[in-house]
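# What the coordinates show
Chain residues, written in single-letter form:
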Amino acid sequence: MNFHGETINTSSTASATEAEIASASQRLALRPYFQSQNTGQRVWDEPPSGASTIVYASAEARKMAQAQLEEMRATYAQAASARRRERQAEERLLSGGDGR
């Protein structure tokens, strides 16, 4: 029940939350940003207007960023899995079941 006394279907709420986490995990993406050496202004996805020289990240920097992205995706997945197990344990306790 929520604080208004309404019954909440926790399994569908849990599924929605897990789906949102899974979706968020997949939306994580590498995006380039460009920074003006003159003004310090940063712009996502395309160089600032008037840029005369563009220096892209090295292959090593891109490789490191890709590894960080994969680590973040794995962390999201682990968090969703842990939360699902917690909810299942809560549901067993609330239903009086012992999980057998």
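Described below are features of the structure shown in this document. These numbers were taken from a predicted model, which means no experiment stands behind them. (Residues numbered from 1 in each chain as written. Predicted model: local features only at pLDDT ≥ 70, side-chain atom pairs only at ≥ 80, totals over all residues. Heavy atoms only, no water.)

## As for the overall build of the protein chain
- Assigned secondary structure in the protein chain consists of 2 helices and 2 strands.
- Each helix and strand of the protein chain, ordered N terminal to C terminal, gives the series α-β-β-α.
- Per-residue burial for the protein chain yields a buried fraction of 14% across its 100 residues.
- Counted over contacts in the protein chain with a minimum sequence separation of 6, partners at least 24 positions apart contribute 42%.
- Surface exposure of the protein chain reaches about 8300 Å², of which carbon and sulfur atoms provide 52%. (Helix = DSSP H or I, 4+ residues; strand = E, 2+ residues; numbered from the N terminus. Buried < 20%, exposed > 50% of the residue type's maximum accessible area, 1.4 Å probe, protein only. Contact = heavy atoms within 4.5 Å. Areas by Shrake-Rupley, 256 points an atom, 1.4 Å probe, with all protein chains shown as cover.)

## Focus: the environment of P47
- Mapped onto the secondary structure, P47 falls in the loop between strand 2 (42-44) and helix 2 (59-95).
- Residue P47 is classed as partly exposed on the basis of its relative accessible area, which comes to 28%.
- Separated by 14 residues in sequence, P47 and Y33 have C-alpha atoms that sit 7.6 Å apart.
- Residues in contact with P47, not counting those within four places in the same chain, are F34 and I54.

## Some words on unusual backbone geometry
- If you check the backbone angles, D45 has positive phi at about 75° while not being a glycine.
- Secondary-structure assignment places D45 in the loop between strand 2 and helix 2.

## Section: the pattern of salt bridges
- Following the criterion strictly, the structure yields 4 salt bridges and no others.
- D45 serves as the salt-bridge partner of R31, at 2.8 Å between the closest nitrogen and oxygen. Of this pair, R31 sits in the loop between helix 1 (10-27) and strand 1 (33-35) while D45 sits in the loop between strand 2 and helix 2, and the two are 14 residues apart along the sequence.
- For R31, a relative accessible area of 43% translates into the label partly exposed.
- Overall, D45 belongs to the partly exposed group, its relative accessible area being 42%.
- Note that R73 is salt-bridged to E70, the shortest N-O span being 3.3 Å. With R73 and E70 both in helix 2, this residue pair falls 3 residues apart, about one helical turn.
- Connected via shared salt-bridge partners are R83, E86 and E90. (Salt bridge = Lys/Arg side-chain N within 4 Å of Asp/Glu carboxyl O.)

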